[in-house]
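Now for the letters of each chain:
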Amino acid sequence: MRNVYGRRLTHLFAACTLFCASALPALAAWQPDKNVEILVAGGPGGGTDQLGRLIQSIITQHNLLNVSTVVMNKGGGNGAEAFLDMKLTQGDAERLVIGTNNVYLLPLVAKLGYQWSDLTPVAAVAEDDFILWTYQDAPWKDAKSYYEAVKADASNMRMGGSQSKDVDQTLTLLLNQTTGSKLVYIPFKSGSEAAIQLAGKHITSNVNNPSESLSQWKGNQLQPLCVFSRERMAYPEKVTADKSWADIPTCKEQGLGVEQYRFPRTVFMPGGVSDEQRAFYVELMRKVSQTPEFKEYLTRNALVPTFLEGKDLVTYIEKDSARVTPVFTEAGWLRK
Amino acid sequence: MTEFDSLMQGMSLIMTPGHIGLMVIGVLLGILVGVLPGLGAPNGVALLLPLTFTMSPVSAIILLSCMYWGALFGGSITSILFNIPGEPSSVATTFDGYPMARQGKAAEALTAAFTSALLGALVGVLLLTFLSSRIAAFAMEFSSPEFFAVYLLAFCTFIGMSKNPPLKTVVSMMIGFAMAAIGMDTVSGDLRLTFDQPWLLSGMSFEVAVIGLFGIGEILCTVEEGLVFRGEHVKITPMVILRTWKKMPRYWLTWLRSTLVGCWMGITPGGPTAASFMSYSLARRFSKNRENFGKGELEGVIAPETADHSAGTSALLPMLTLGIPGSATAAVMLGGLMIWGLHPGPTLFTEQHDFVWGLIASMYLGNVVSLIVVLATVPLFASILRIPFSIIAPIIIMVCAIGAYSVHNSMFDVGMMLVFGALGYLFKKLGYPIAPLVLAAVLGDKAEDAFRQSMLFSNGELGIFWSNPLVGGLTTAALLMLFWPLIARGIKALGNLKGARVQRAAP
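These numbers come from a predicted model, not from an experiment.

Novice: Explain the overall build of chain B to me, please; I cannot follow it from the model alone.
Specialist: Scanning chain B from N- to C-terminus turns up 23 helices and two strands. Taking 507 residues into account, the globule formula puts the C-alpha radius of gyration at 23 Å, and chain B, at 23 Å, falls close to it. With respect to the three principal axes, the spread of C-alpha positions in chain B is 80 × 60 × 60 Å. Residues classed as buried in chain B amount to 58% of the 507 residues present.

In structure tokens:
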């Protein structure tokens, strides 16, 4: 009897162990146990800041995390401050940084003491299109005639944009290269400043993202000439009285050399974290990007709904870096 | 008058107990962050922002804008009592506010500061109510050359109207420019003066510099001069508020001039700091009591406070109508607007009618509520000076350290604050003015960007600064201000010469 009982007990133990073992992955799936810090690689009020704070508000409203989140701005050096800060906390899986392609392009042009490979890419949650804008009642009615005017005599024409050695100026250089034009680029502090300068007819064009010039377009101060994308934008709802985002021709249709130019909105973690930890945040970002609030944000800012993670994201980063490297070399920006 | 109807609509929208409650909470929180140097309005608004995501946009903006007003009012309290400006824009208030506090006239200085602040703010709101579309159109005329001319005007007014030795002013200003150059340069996209140190990437923070230069520097000087805080033991009663009010109408001209300077600087994004400095310099030059400036003159408190607040209020105008923030706090609020799904810009007034007019109405009420709340605290704050220095000094240093820490949540900034404290002490001992340094540190970066952008526009021709009547007028006015002392002397000499000739011819 006793033996049988003992054997039963052993069975029970064995069963229990088995059960526990099977339950183990579910229990041990990594979860943050401190507050998650969301660093924003940009100053308060900018596009990156808005995304960071939107992600925070979605996480809070949908209870996607069982810990609190804290948003902090580190916008110094066009965002380099945030990435350097991430590099210093190697292995800390309770930190995220929201940025753009600046995370991998900044180290190419400035001596900063980090490489993007020092951090762990989590996801790209959206992409921004670039649009060539000019002011309302400009003498040129489409991108083609604008660039013909630029090629003829660009001495009184200026391209404005946000920051120096950043996406806007890179696109201007690409355009100058492919069309053989010599458009002078003037860097302003932000895209909205470039929009106002254009609305005041101080510059003749800029390459703002859709949301940066939206209200001037609605207010009949600016008009879009073309979008730097292979196909037209996917938002057919009317923005002005008679035009929608989808009505804007692509720059390829207009005969400009640059086929597609976008920048990703990226989320990174510090380096030296485990795959499990990375996977946790990939899932978190996927959940965030599927909420109605996030979809509304995409529509409102006319962003491209892209979701990249893992190998796809790394390939994207490598391809994007390879594409701009010759441009940077030619402009003499590339850091030796 | 359609604006008036809209305003009344806005008023009826916000006249609910809930919204008025939010206003009082906002103002109280604002005073709290304003009194703690370094925390300031931008940080306070950023901290509160996540709480507002679940509110309706109108309630949210009421809470945030009232916090802004509260912080603006709160900022003058420490400037006057302890010579510690919470933000660069209240530096000019210390020039005469602090000497007044030392003479035991703290309550008077506080009352004058708060009252003139309210009057300044109200003019700003009136502008926003009735002239916003016209001013927005005017602001679009501004490009880099015009911006540079505005900054030049601020610098030149300060140098030309200053009483300090010109060379010392220039030295102090140059140190400020060097500080402003640290970090990422907008025009070239290069890092400057960072020496590969990550903590220098974002540049030197003005708040930390101001807390150190003024707060710690002042404490060091006071310690050296013998451990006494020379606040006299004057009886403080609520009657002092009424007595000050009785004195104020005689300064109507200063008030008017300061309001104009403030609104102008707020709309053309010179900002509140430039406005308060410029208004103080002008008041010192053109006042009847100019000899008394810097020694505790009531007019020297009224001028910068009025300009600071009218600039702070009118800075919201370019934010709402153009989407360009006129101040750091406006930038944070702008981010908030976007999160609530509002796109600031030319169409905001028509598309978001309720929101905009609710905000404008809340500016009227919020400022009045702020004034009532802060006036009620005047006797309380003024009596802080009765506490012996040996008790209050460590507390001030602690508050300064907390303030410096909270700017970026970094211990390094606390160290920086001490370095600036030593520098501030040195400046005082050697008779160098600190104010030009602050002005240059705050505006230097923007002025440089504007200048280099102008050069890109014109292919390097300086003639661009006289290329149209607007920019030409501004540049000429700036040069006039710079050489005003010489010009004034010339005019006087000419007058004497003529007088002499007349005398000679007479007999």
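The discussion continues.
Novice: I'm lost on the overall build of chain A in this one. Help?
Specialist: A tally of regular secondary structure across chain A gives 11 helices and 11 strands. Across its three principal axes, chain A shows a C-alpha extent of roughly 105 × 50 × 30 Å. Pairs at least 24 apart in sequence give 75% of the contacts found in chain A among residues at least 6 apart.

Novice: Honestly, the domain arrangement of chain A in this entry has me stumped. Any pointers?
Specialist: One frequently used descriptor of interface size is the decrease in accessible area upon assembly of the parts. Residues and elements named next belong to chain A. Split into domains, chain A comes out as domain 1 (36-128 + 263-331) and domain 2 (131-260). Here the C-alpha centre of domain 2 lies 26 Å away from the C-alpha centre of domain 1. At the interface, 12 residues of domain 1 touch 14 residues of domain 2. At the level of secondary structure, the elements contributing two or more residues to the side of domain 1 that touches domain 2 comprise helix 10 (292-301) and helix 11 (310-331). A breakdown of the residues in the side of domain 1 that touches domain 2 according to their chemical character gives six nonpolar, five polar and one charged.

Novice: Which parts of the structure should I look at to understand the packing of helix 13 (residues 271-286) of chain B against helix 14 (residues 299-314) of chain B?
Specialist: How two helices pack is summed up by the angle between their axes together with the distance between the axes. Residues and elements named next belong to chain B. Put simply, helix 13 and helix 14 touch, their axes get as near as 8 Å, and they point 150° apart. By the criterion of interaxial angle, the relationship of helix 13 to helix 14 is roughly antiparallel. Classified by chirality, the crossing of helix 14 by helix 13 is right-handed. Together, Gly271, Pro272, Ala275, Ser276, Ser279, Tyr280 and Ala283 of helix 13 and Glu299, Gly300, Ala303, Pro304, Thr306, Ala307, Asp308, Ala311 and Gly312 of helix 14 make up the contact between the two elements. Tallied by class, the residues present in the contact of helix 13 with helix 14 amount to eight nonpolar, six polar and two charged.

Novice: What exactly am I supposed to notice about the confidence of the model for chain A here?
Specialist: When pLDDT drops low, the exact placement of atoms in the prediction is not to be read closely. This prediction gives chain A a mean pLDDT of 89; 91% of its residues lie at or above 70. Note that pLDDT drops below 50 for residues 18-27 of chain A; the model gives that stretch zero contacts with residues more than four away or on any other chain.

Novice: How should unusual backbone geometry be read in this particular structure?
Specialist: The phi angle of most residues is negative, glycine excepted, and most peptide bonds adopt the trans form. Residue and element names in this part refer to chain A. Phi is positive for Lys201, close to 60°, though the residue is something other than glycine. Counting through the fold element by element, Lys201 comes out in the loop between helix 7 (191-199) and strand 8 (205-206). Notably, Asn220 is not glycine yet its phi reads approximately 60°, a positive angle. One can find Asn220 in the loop between helix 8 (210-218) and strand 9 (222-227). On the basis of neighbour count, Asn220 is assigned to the partly exposed category, with 14 C-beta atoms found within 10 Å.

Novice: Please clarify how the pairing of strand 5 (residues 131-135) of chain A should be interpreted in this entry.
Specialist: Moving residue by residue along a regular strand, the side chains alternate between the two faces of the sheet. All names here are of chain A. Judged by how many residues are buried, strand 5 sits mostly within the fold: four of five residues are covered. Both strand 5 and strand 9 contribute to a ladder of five bridges, which runs antiparallel. Within strand 9, the position partnered with Ile131 by the bridge is Val227.

Novice: Help me understand the packing of helix 6 (residues 106-130) of chain B against helix 11 (residues 239-247) of chain B in this model?
Specialist: Residues and elements named next belong to chain B. Close contact between helix 6 and helix 11 brings their axes to 9 Å; oriented N to C, the two are set at 60°. With respect to helix 11, the axis of helix 6 lies oblique. In this structure, helix 6 meets helix 11 at a crossing whose hand is right-handed. For the pair formed by helix 6 and helix 11, the contact residues are Ala107, Glu108, Thr111, Ala112 and Thr115 on the first element and Val240, Ile241, Thr244 and Trp245 on the second. Within the contact of helix 6 with helix 11, the residues separate by chemical class into five nonpolar, three polar and one charged.

About the criteria used
Residues numbered from 1 in each chain as written. Chains lettered and ligands numbered in written order. Predicted model: local features only at pLDDT ≥ 70, side-chain atom pairs only at ≥ 80, totals over all residues. Helix = DSSP H or I, 4+ residues; strand = E, 2+ residues; numbered from the N terminus. Rg over C-alpha atoms; globule rule 2.2 N^0.38 Å. Buried ≥ 20, exposed ≤ 12 C-beta atoms within 10 Å, placed from the backbone. Contact = placed C-beta atoms within 7 Å. Domains from an automatic or database assignment. Nonpolar A, V, L, I, M, F, W, Y, C, P; charged D, E, K, R; others polar. Axes fitted to C-alpha atoms, helices over the stretch in contact; angles between N-to-C directions. Parallel < 35°, antiparallel > 145°, perpendicular 65-115°, else oblique. Left-handed = near helix turned anticlockwise from the far one by under 90°. pLDDT = per-residue confidence, 0-100. Pairing = 2+ DSSP bridges.

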